[in-house]
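A closer look at the structure
Chain residues, written in single-letter form:
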Amino acid sequence: MTSLRDKTVSGMFWSLLQNVGAKGISFIVMLVLARLLTPKAFGLIGMLMIFIQISQTLLMAGFGQALIQKKKTDEEDYSSVFWINLGISFLLYVVLFFCAPFIAVFYNQSILIELIRVLSLVFVINAFSYVQETRLSKEMRFKTLAIIHLPSTVIGGVVSIAMAYMDYGVWAIVALQIITRFAYSVQVWIYAKWKPLWTLSIEKVKDLFSFGSNLMFSGILNTIYRNIYLVIIGKFFPVASVGYYQNANNLVLTPTSTLSMALNKVTFPMFSSIQDDDVKLKVGFKKIIQQVLFWLCPIFIFAAVLAVPLFRFLFTEKWLPAVPYFRILCIVGLFYPLNLYNLNIVNVKGRSDLFLKLEIIKKVITTFGVFLTIPLGIYALLLFQAVNSVLVYSINSYYSGRFINYSIWEQVKDIIPVFLVSIGVGAVIYGLDTLVVAIPDVLRLLIGFGIGGGIYFILVKYCKFKAYKDFKQIVHGKLMKRSTK
């Protein structure tokens with residue numbers, strides 16, 4: 001019988017493959033689109049993100065995590081959620097269809113009317129696959145999800161790039177979203193081999209919603225404030241500035257969300273299964289945050305140092321105004337997984353009410369900060385976003401630490417060595433890069449990341465970092481298991 005540990009390790013492998021593969025393909029697609037399209041095209045889509053993501057949160061209504069967190073689920077649970085999601089998706093589409101002119105007036109961009117009416121079709125498409133995806137996640141069938149996800153991303157990317165080459169402009173980005181999700185939904189139905197019953201139990205929905213509702217409202221608040229910077233920049237600054245921010249933010253979110261969300265898909269079901277054992281939760285949680293930061297810290301610090309050649313090589317000269325945005329947002333990227341996993345502990349313990357309260361407190365702080373910094377310009381706004389991510393971490397870790405006896409000071413003590421080593425190696429790269437500034441960008445990047453990565457791994461091995469030893473054990477265990485088959 002497969003142990004929980006084996007399931008978790010296998011799940012991490014396939015979840016990482018799915019996320020890294022899909023994000024890698026999406027990243028390549030966005031690189032090509034960034035070269036073919038203007039910053040304004042990305043800015044227009046960025047203006048709509050808050051409306052799209054809020055609607056997506058309403059569609060999910062916290063049911064996915066509620067189904068995973070619930071110890072015993074049956075076919076009636078899944079079927080009821082499926083029909084509720086489908087009904088909500090049609091309602092959301094109708095609302096956004098008629099609200100489109102008001103959104104266009106707010107931003108003073110008439111093209112947004114057509115854009116949002118077409119892009120909103122994603123909600124209806126997603127409603128057909130959401131429950132199946134949740135079911136596969138609960139069963140930890142991440143290999144199946146990887147098989148589904150990767151071809152969908154390829155199909156959407158190919159069509160999108162073709163449309164960009166044919167001068168469809170911003171519509172190429174819209175097509176990327178719709179076609180990718182449609183291909184995904186079709187494959188989910190084929191591989192999951194699950195169909196909903198013709199039943200809808202209000203009692204089942206109420207039971208799940210009692211847990212999921214708090215997560216839904218928390219998700220709405222989080223979505224609003226995650227996108228509030230795009231809204232503010234779109235309202236008070238040129239459209240191209242939204243594009244610069246959007247691409248800089250995407251470049252930050254690609255590595256951090258890929259790694260964090262891949263592990264989160266596995267750790268949330270795993271942590272939920274041991275939710276009553278605080279000792280095991282603490283051990284698992286500690287290993288996760290150390291492992292994630294072990295990889296993300298050097299990536300972000302090295303990338304911030306080499307941001308100019310990085311942006312010029314990836315996106316061309318026209319995207320260089322996004323470099324200062326990117327450097328500030330790297331701080332946000334480092335604290336993203338820390339905040340995600342600390343909040344996961346709150347959810348695993350079934351305290352979605354506390355989750356919501358924490359979100360409200362943090363969003364009130366964000367509101368005051370945003371409105372105070374708007375008059376100071378876009379850089380002040382972004383600096384506040386970075387500082388706020390650190391403040392949010394201190395709040396999240398304080399409350400999660402109380403559940404598993406893992407205080408913020410213990411967390412900092414466990415992760416600060418990786419920060420210090422990465423910063424030290426980053427300083428070396430900065431000095432080296434000033435000596436080779438005249439050579440081609442690709443060589444600057446190879447030298448910077450190559451030498452920096454080499455020094456980093458020598459130091460962590462010499463200092464015997466726990467995350468490095470854990471990673472070696474995971475890889476060694478995987479190889480040994482394969483060799484015995």
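Calculation notes
- Residues numbered from 1 in each chain as written.
- Predicted model: local features only at pLDDT ≥ 70, side-chain atom pairs only at ≥ 80, totals over all residues.
- Heavy atoms only, no water.
- Helix = DSSP H or I, 4+ residues; strand = E, 2+ residues; numbered from the N terminus.
- Buried < 20%, exposed > 50% of the residue type's maximum accessible area, 1.4 Å probe, protein only.
- Contact = heavy atoms within 4.5 Å.
- Areas by Shrake-Rupley, 256 points an atom, 1.4 Å probe, with all protein chains shown as cover.
- Polar contact = N/O pair within 3.5 Å; in protein donor to acceptor, adjacent residues only side chain to side chain.
- Axes fitted to C-alpha atoms, helices over the stretch in contact; angles between N-to-C directions.
- Parallel < 35°, antiparallel > 145°, perpendicular 65-115°, else oblique.
- Left-handed = near helix turned anticlockwise from the far one by under 90°.
- Nonpolar A, V, L, I, M, F, W, Y, C, P; charged D, E, K, R; others polar.
- Expected span 1.5 Å × (residues − 1).
- Bend = angle between axes of the 7 residues up to and from the residue.
- Patch = residues over 30% accessible without salt bridge, like charges linked within 9 Å, V, L, I, M, F, W, Y side chains within 5 Å.
- Salt bridge = Lys/Arg side-chain N within 4 Å of Asp/Glu carboxyl O.

**Things to note about the overall build of the chain**
In terms of regular secondary structure, the chain is built from 19 helices and zero strands. Across the 485 residues that make up the chain, the buried fraction comes to 54%. Here the contacts in the chain between residues at least 6 apart in sequence split such that 83% fall between residues at least 24 apart. Accessible surface for the chain amounts to roughly 21,700 Å². Of this, 71% is attributable to carbon and sulfur atoms.

**Some words on the environment of Ser80**
Looking at the element boundaries, Ser80 is found in helix H4 (residues 75–107). Judged by its relative accessible area of 1%, Ser80 falls in the buried class. C-alpha separation for the pair Ser80 and Lys204, spaced 124 residues apart in sequence, amounts to 7.2 Å. The contacts of Ser80, once residues within four sequence positions are left out, are Thr199, Leu200, Ser201, Lys204 and Val205. Among the polar contacts listed, one links the side chain of Ser80 to the backbone oxygen of Glu76, at a separation of 2.7 Å.

**Description of the packing of H4 against helix H5 (residues 112–119)**
Interhelical geometry of H4 versus H5 gives an angle of 155° and a closest axis separation of 8 Å. Between H4 and H5, the crossing angle belongs to the class labelled roughly antiparallel. As H4 packs across H5, the resulting crossing turns out to be right-handed. Here Tyr93, Leu96, Phe97, Ala100, Pro101, Ile103, Ala104 and Tyr107 of H4 come into contact with H5, specifically with Leu112, Ile113, Ile116 and Arg117. In terms of residue class, the contact of H4 with H5 is built from 11 nonpolar, no polar and one charged.

**Overview of H4**
The end-to-end C-alpha distance of H4, which contains 33 residues, comes to 45 Å, matching closely the 48 Å that a straight helix rising 1.5 Å per residue would cover. At Cys99, H4 shows its largest kink, close to 45°, and the proline Pro101 lies no more than four residues downstream. Directly beyond the C-terminal end of H4, a positive phi value near 60° is found at Asn108.

**What to know about a nonpolar patch on the surface**
Together, Ile147, Phe182, Val186, Ile190 and Tyr191 make up an exposed nonpolar region whose accessible area comes to about 470 Å². Among the elements that take part in the nonpolar patch, helix H9 (residues 171–192) stands out by supplying four residues, more than any other. Take Tyr191: it is sitting in helix H9. For Tyr191, a relative accessible area of 36% gives the class partly exposed.

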